[in-house]
Amino acid sequence: MKIELSVLALQWSTHQTEAHSMEFEDDALAKAVFFLSTTETRSKLYRLLQYGSKFAKWALIQLWKLDTIPANESISTTDGETQSKQDSQTTEWKTKALKSLDRAELVFGDARRFFRFFQFLQMADMFRHVREPVRAVRVLRRLRILCFFFFYLTENYVVFYTRVLSTSPRVPLIRKLRRSCNGFWLLSILLAFPLDHMLRRGTMLSTVKKLLDLPVASVGFSGQRVNDGLFGALGLVSAQIGLYARYLDVMTKFQKHHLKQLSAMPDVA
(Lines give C-alpha, C1' and ligand atoms only; values in the text may rest on other atoms or scores of the structure.)
Protein backbone atom coordinates (compact mmCIF):
# COMPACT_ATOMS: atom_id res chain seq x y z
CA MET A 1 0.00 0.00 0.00
CA LYS A 2 2.81 2.39 0.90
CA ILE A 3 4.59 1.56 -2.36
CA GLU A 4 1.46 2.32 -4.38
CA LEU A 5 1.02 5.65 -2.58
CA SER A 6 4.65 6.54 -3.24
CA VAL A 7 4.28 5.72 -6.93
CA LEU A 8 1.11 7.79 -7.18
CA ALA A 9 2.76 10.70 -5.38
CA LEU A 10 5.77 10.50 -7.70
CA GLN A 11 3.55 10.44 -10.78
CA TRP A 12 1.55 13.40 -9.50
CA SER A 13 4.72 15.36 -8.74
CA THR A 14 6.11 14.61 -12.21
CA HIS A 15 2.83 15.64 -13.80
CA GLN A 16 2.83 18.92 -11.87
CA THR A 17 6.43 19.64 -12.85
CA GLU A 18 5.67 18.97 -16.52
CA ALA A 19 2.58 21.15 -16.30
CA HIS A 20 4.57 24.00 -14.79
CA SER A 21 7.25 23.50 -17.43
CA MET A 22 4.78 23.61 -20.32
CA GLU A 23 3.02 26.61 -18.81
CA PHE A 24 6.32 28.43 -18.39
CA GLU A 25 7.54 27.61 -21.89
CA ASP A 26 4.25 28.70 -23.46
CA ASP A 27 4.18 31.98 -21.53
CA ALA A 28 5.03 34.41 -24.32
CA LEU A 29 4.55 37.41 -22.05
CA ALA A 30 7.13 36.13 -19.56
CA LYS A 31 9.60 35.56 -22.40
CA ALA A 32 8.97 39.03 -23.80
CA VAL A 33 9.43 40.68 -20.40
CA PHE A 34 12.59 38.69 -19.74
CA PHE A 35 13.91 39.54 -23.21
CA LEU A 36 13.24 43.28 -22.93
CA SER A 37 14.33 43.60 -19.31
CA THR A 38 17.93 44.55 -20.13
CA THR A 39 19.33 47.76 -21.56
CA GLU A 40 21.38 45.87 -24.15
CA THR A 41 18.30 44.21 -25.62
CA ARG A 42 16.37 47.47 -25.85
CA SER A 43 19.38 49.17 -27.42
CA LYS A 44 19.56 46.49 -30.12
CA LEU A 45 15.82 46.74 -30.71
CA TYR A 46 16.04 50.52 -31.07
CA ARG A 47 18.92 50.10 -33.50
CA LEU A 48 16.74 47.82 -35.61
CA LEU A 49 13.92 50.38 -35.59
CA GLN A 50 16.34 53.22 -36.32
CA TYR A 51 17.90 51.63 -39.39
CA GLY A 52 14.54 50.18 -40.42
CA SER A 53 13.11 53.71 -40.50
CA LYS A 54 16.12 54.97 -42.43
CA PHE A 55 15.90 52.23 -45.05
CA ALA A 56 12.11 52.52 -45.35
CA LYS A 57 12.43 56.27 -45.91
CA TRP A 58 14.97 55.74 -48.69
CA ALA A 59 12.87 52.97 -50.28
CA LEU A 60 9.74 55.15 -50.33
CA ILE A 61 11.65 58.06 -51.86
CA GLN A 62 12.83 55.76 -54.64
CA LEU A 63 9.38 54.22 -55.07
CA TRP A 64 7.50 57.52 -55.20
CA LYS A 65 10.27 59.33 -57.09
CA LEU A 66 9.72 62.42 -55.01
CA ASP A 67 12.96 63.98 -56.15
CA THR A 68 11.61 64.07 -59.72
CA ILE A 69 8.19 65.55 -58.92
CA PRO A 70 7.91 69.02 -60.40
CA ALA A 71 6.59 71.97 -58.45
CA ASN A 72 2.86 72.61 -58.72
CA GLU A 73 2.04 75.05 -61.49
CA SER A 74 -1.07 77.18 -61.77
CA ILE A 75 -3.38 75.84 -64.49
CA SER A 76 -6.30 77.88 -65.78
CA THR A 77 -8.63 75.02 -66.72
CA THR A 78 -10.95 73.41 -64.20
CA ASP A 79 -9.63 69.91 -64.90
CA GLY A 80 -6.11 71.19 -64.49
CA GLU A 81 -6.94 72.78 -61.14
CA THR A 82 -8.56 69.55 -59.90
CA GLN A 83 -5.57 67.50 -60.99
CA SER A 84 -3.21 69.99 -59.36
CA LYS A 85 -5.10 69.74 -56.05
CA GLN A 86 -5.04 65.95 -56.16
CA ASP A 87 -1.32 65.93 -56.87
CA SER A 88 -0.77 68.41 -54.07
CA GLN A 89 -2.71 66.28 -51.58
CA THR A 90 -0.86 63.14 -52.64
CA THR A 91 2.49 64.85 -52.29
CA GLU A 92 1.46 66.21 -48.90
CA TRP A 93 0.67 62.86 -47.29
CA LYS A 94 3.75 61.29 -48.83
CA THR A 95 5.86 64.08 -47.37
CA LYS A 96 4.23 63.55 -43.97
CA ALA A 97 5.00 59.84 -44.12
CA LEU A 98 8.65 60.52 -44.91
CA LYS A 99 8.89 63.11 -42.13
CA SER A 100 7.40 60.59 -39.70
CA LEU A 101 10.04 58.03 -40.66
CA ASP A 102 12.71 60.69 -40.32
CA ARG A 103 11.49 61.54 -36.82
CA ALA A 104 11.34 57.84 -35.92
CA GLU A 105 14.95 57.44 -37.00
CA LEU A 106 16.00 60.36 -34.80
CA VAL A 107 13.91 59.24 -31.82
CA PHE A 108 15.20 55.66 -31.76
CA GLY A 109 18.74 56.86 -32.37
CA ASP A 110 18.47 59.21 -29.39
CA ALA A 111 16.90 56.43 -27.32
CA ARG A 112 19.96 54.26 -27.89
CA ARG A 113 22.28 57.09 -26.89
CA PHE A 114 20.31 57.95 -23.76
CA PHE A 115 20.26 54.32 -22.68
CA ARG A 116 24.05 54.31 -23.02
CA PHE A 117 24.49 57.46 -20.96
CA PHE A 118 27.27 57.09 -18.35
CA GLN A 119 28.07 53.62 -19.69
CA PHE A 120 31.70 54.70 -19.94
CA LEU A 121 31.83 54.20 -16.16
CA GLN A 122 31.00 50.53 -16.68
CA MET A 123 33.85 50.29 -19.18
CA ALA A 124 36.23 51.83 -16.64
CA ASP A 125 35.19 49.21 -14.09
CA MET A 126 35.59 46.40 -16.64
CA PHE A 127 39.08 47.65 -17.49
CA ARG A 128 40.15 47.26 -13.87
CA HIS A 129 38.96 43.66 -13.67
CA VAL A 130 40.59 42.20 -16.79
CA ARG A 131 42.44 39.10 -15.56
CA GLU A 132 43.30 37.13 -18.67
CA PRO A 133 46.23 34.69 -18.19
CA VAL A 134 47.49 35.16 -21.76
CA ARG A 135 49.21 38.52 -22.13
CA ALA A 136 48.18 39.10 -25.76
CA VAL A 137 44.52 38.46 -24.95
CA ARG A 138 44.73 40.69 -21.90
CA VAL A 139 46.21 43.56 -23.91
CA LEU A 140 43.65 43.22 -26.71
CA ARG A 141 40.75 43.10 -24.27
CA ARG A 142 41.96 46.22 -22.47
CA LEU A 143 42.46 48.04 -25.75
CA ARG A 144 38.95 47.14 -26.87
CA ILE A 145 37.48 48.23 -23.54
CA LEU A 146 39.36 51.52 -23.87
CA CYS A 147 37.84 51.99 -27.32
CA PHE A 148 34.35 51.55 -25.89
CA PHE A 149 35.21 53.82 -22.97
CA PHE A 150 36.14 56.71 -25.24
CA PHE A 151 33.28 55.87 -27.61
CA TYR A 152 30.66 56.19 -24.86
CA LEU A 153 32.36 59.22 -23.31
CA THR A 154 32.52 61.07 -26.62
CA GLU A 155 28.95 60.09 -27.42
CA ASN A 156 27.82 61.55 -24.10
CA TYR A 157 29.47 64.85 -25.04
CA VAL A 158 27.64 64.83 -28.38
CA VAL A 159 24.29 64.14 -26.71
CA PHE A 160 24.89 66.85 -24.12
CA TYR A 161 25.84 69.48 -26.68
CA THR A 162 23.15 68.68 -29.25
CA ARG A 163 20.21 67.77 -27.00
CA VAL A 164 20.83 69.82 -23.84
CA LEU A 165 22.68 72.87 -25.14
CA SER A 166 20.88 72.75 -28.53
CA THR A 167 24.12 72.99 -30.47
CA SER A 168 23.75 72.44 -34.20
CA PRO A 169 25.05 69.06 -35.42
CA ARG A 170 26.79 70.89 -38.26
CA VAL A 171 29.16 72.70 -35.93
CA PRO A 172 32.76 71.56 -36.66
CA LEU A 173 33.27 70.46 -33.05
CA ILE A 174 30.23 68.17 -33.14
CA ARG A 175 31.31 66.73 -36.47
CA LYS A 176 34.75 65.95 -35.07
CA LEU A 177 33.25 64.33 -31.99
CA ARG A 178 30.96 62.16 -34.10
CA ARG A 179 33.82 61.12 -36.33
CA SER A 180 35.80 60.25 -33.21
CA CYS A 181 32.91 58.09 -31.97
CA ASN A 182 32.85 56.13 -35.20
CA GLY A 183 36.64 55.88 -35.17
CA PHE A 184 36.62 54.24 -31.73
CA TRP A 185 33.80 51.96 -32.88
CA LEU A 186 35.75 50.99 -36.00
CA LEU A 187 38.86 50.21 -33.95
CA SER A 188 36.84 48.08 -31.51
CA ILE A 189 35.48 46.03 -34.43
CA LEU A 190 38.97 45.45 -35.81
CA LEU A 191 40.23 44.38 -32.39
CA ALA A 192 37.35 41.91 -32.05
CA PHE A 193 38.58 39.68 -34.89
CA PRO A 194 41.90 38.60 -33.30
CA LEU A 195 40.19 38.34 -29.90
CA ASP A 196 37.52 36.00 -31.25
CA HIS A 197 40.21 33.91 -32.91
CA MET A 198 42.33 33.63 -29.76
CA LEU A 199 39.38 32.88 -27.49
CA ARG A 200 37.63 30.70 -30.10
CA ARG A 201 34.33 32.37 -29.37
CA GLY A 202 33.39 33.78 -32.76
CA THR A 203 30.30 32.42 -34.50
CA MET A 204 29.25 32.81 -38.09
CA LEU A 205 26.51 35.28 -37.14
CA SER A 206 28.82 37.43 -35.03
CA THR A 207 31.45 37.47 -37.77
CA VAL A 208 28.91 38.48 -40.43
CA LYS A 209 27.61 41.21 -38.14
CA LYS A 210 31.11 42.62 -37.65
CA LEU A 211 31.75 42.54 -41.39
CA LEU A 212 28.52 44.48 -41.96
CA ASP A 213 29.38 46.98 -39.23
CA LEU A 214 32.82 47.66 -40.71
CA PRO A 215 31.64 49.76 -43.69
CA VAL A 216 29.08 51.57 -41.52
CA ALA A 217 31.73 52.57 -38.99
CA SER A 218 34.21 53.39 -41.76
CA VAL A 219 31.77 55.73 -43.48
CA GLY A 220 30.94 57.43 -40.20
CA PHE A 221 34.62 57.88 -39.45
CA SER A 222 35.41 59.26 -42.89
CA GLY A 223 32.61 61.80 -42.66
CA GLN A 224 31.66 61.28 -46.30
CA ARG A 225 28.13 61.09 -47.63
CA VAL A 226 27.10 57.77 -49.16
CA ASN A 227 23.92 56.30 -50.55
CA ASP A 228 21.31 56.16 -47.77
CA GLY A 229 19.91 52.94 -49.19
CA LEU A 230 23.19 51.05 -48.93
CA PHE A 231 23.99 52.57 -45.54
CA GLY A 232 20.51 51.78 -44.20
CA ALA A 233 20.51 48.24 -45.61
CA LEU A 234 23.86 47.38 -44.01
CA GLY A 235 22.74 48.78 -40.67
CA LEU A 236 19.37 47.05 -40.89
CA VAL A 237 20.80 43.59 -41.61
CA SER A 238 23.44 44.05 -38.91
CA ALA A 239 20.76 45.11 -36.42
CA GLN A 240 18.63 42.07 -37.28
CA ILE A 241 21.56 39.72 -36.72
CA GLY A 242 22.45 41.44 -33.46
CA LEU A 243 18.90 41.26 -32.15
CA TYR A 244 18.54 37.60 -33.19
CA ALA A 245 21.83 36.64 -31.53
CA ARG A 246 20.74 38.51 -28.43
CA TYR A 247 17.41 36.66 -28.48
CA LEU A 248 19.16 33.28 -28.58
CA ASP A 249 21.40 34.27 -25.70
CA VAL A 250 18.54 35.59 -23.57
CA MET A 251 16.33 32.56 -24.23
CA THR A 252 19.18 30.28 -23.12
CA LYS A 253 19.36 32.23 -19.87
CA PHE A 254 15.57 32.09 -19.66
CA GLN A 255 15.61 28.30 -19.83
CA LYS A 256 18.33 28.09 -17.18
CA HIS A 257 16.36 30.44 -14.96
CA HIS A 258 13.28 28.29 -15.50
CA LEU A 259 15.14 25.09 -14.60
CA LYS A 260 16.38 26.70 -11.39
CA GLN A 261 12.82 27.60 -10.49
CA LEU A 262 11.67 24.04 -11.13
CA SER A 263 14.50 22.57 -9.06
CA ALA A 264 13.60 24.93 -6.22
CA MET A 265 9.96 23.79 -6.17
CA PRO A 266 9.11 21.96 -2.92
CA ASP A 267 8.22 18.30 -3.09
CA VAL A 268 4.61 18.32 -1.94
CA ALA A 269 4.49 14.54 -1.89
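Quick caveat, the model's predicted, so the values are computed rather than measured. (Residues numbered from 1 in each chain as written. Predicted model: local features only at pLDDT ≥ 70, side-chain atom pairs only at ≥ 80, totals over all residues. Heavy atoms only, no water.)

1. So, the overall build of the chain
Right, on to step 1. Scanning the chain from terminus to terminus reveals 9 helices and 0 strands.
Right, on to step 2. For the chain, the proportion of contacts with a sequence separation of at least 24, taken over those separated by at least 6, is 77%.
Right, on to step 3. As displayed, the chain has an accessible area near 17,800 Å², and 62% of this comes from carbon and sulfur atoms. (Helix = DSSP H or I, 4+ residues; strand = E, 2+ residues; numbered from the N terminus. Contact = heavy atoms within 4.5 Å. Areas by Shrake-Rupley, 256 points an atom, 1.4 Å probe, with all protein chains shown as cover.)

2. Remarks on a nonpolar patch on the surface
Right, on to step 1. A surface patch of nonpolar side chains, amounting to about 370 Å² of accessible area, comprises Phe127, Val139, Leu143, Leu146 and Phe150.
Right, on to step 2. Looking at the nonpolar patch element by element, the count peaks at 4 residues for helix H6 (residues 135–164).
Right, on to step 3. In this fold, phenylalanine 127 is placed in helix H5 (residues 119–128).
Right, on to step 4. Using a relative accessible area of 31% as the deciding quantity, one classes phenylalanine 127 as partly exposed. (Patch = residues over 30% accessible without salt bridge, like charges linked within 9 Å, V, L, I, M, F, W, Y side chains within 5 Å. Salt bridge = Lys/Arg side-chain N within 4 Å of Asp/Glu carboxyl O. Buried < 20%, exposed > 50% of the residue type's maximum accessible area, 1.4 Å probe, protein only.)

3. Observations regarding the pattern of salt bridges
Two side chains bearing opposite charge may form a pair once their charged atoms approach each other closely.
Right, on to step 1. Throughout the structure, instances matching the rule amount to 18 salt bridges.
Right, on to step 2. Between glutamate 155 and arginine 116 there is a salt bridge; the shortest N-O distance is 2.4 Å. Residue glutamate 155 is located in helix H6, and its partner arginine 116 is located in the loop between helix H4 (78–115) and H5; the two are separated by 39 residues in the primary sequence.
Right, on to step 3. Overall, the relative accessible area of 9% leaves arginine 116 in the buried class.

4. Let's talk about empty space enclosed by the protein
Right, on to step 1. By the definition in use, this model includes 1 cavity of 30 Å³ or more.
Right, on to step 2. Estimated volume of the largest cavity: approximately 50 Å³.
Right, on to step 3. Residue lining of the largest cavity: Asp110, Arg113, Phe114, Val158, Val159, Thr162, Arg163 and Arg178, and that is the complete set.
Right, on to step 4. Put simply, the parts of the chain that give the lining of the largest cavity at least two residues each are H4 and H6.
Right, on to step 5. When residues of the lining of the largest cavity are assigned to their parent elements, the largest contribution, 4 residues, is made by H6. (1 Å grid on protein atoms, 1.4 Å probe; cavity = no way out; pocket = protein on both sides within 12 Å on 5 of 7 lines; lining within 4 Å. Points joined across faces, edges and corners; volume = space filled by probe spheres on them.)

5. Thoughts on the environment of leucine 48
Right, on to step 1. On the secondary structure map, leucine 48 appears in helix H3 (residues 39–64).
Right, on to step 2. Spatially, the C-alpha atoms of leucine 48 and serine 238 are 8.4 Å apart, while their sequence positions differ by 190 residues.
Right, on to step 3. Sequence-distant contacts of leucine 48, defined by excluding residues within four places in its chain, comprise Leu236, Ala239, Gln240 and Leu243.

6. A short note on the nonpolar core
Right, on to step 1. By size, the foremost hydrophobic cluster in this structure holds 28 residues, and its most contacted members are Trp185 and Val216.
Right, on to step 2. Of all elements in the fold, only H3, H5, H6, helix H7 (172–199), helix H8 (204–222) and helix H9 (228–263) reach the threshold of two or more residues within this core.
Right, on to step 3. Ranked by the residues each element gives to this core, the list is headed by H9, at 9 residues.
Right, on to step 4. What tryptophan 185 contacts, discounting residues up to four positions off in sequence, is Arg47, Phe151, Asp213, Val216 and Ala217.
Right, on to step 5. Counting residues in each nonpolar core, the second largest holds 5 residues, with Val137, Leu140, Cys147 and Leu195 among its members. (Core = buried A, V, L, I, M, F, W, Y, C linked by side-chain atoms within 4.5 Å.)

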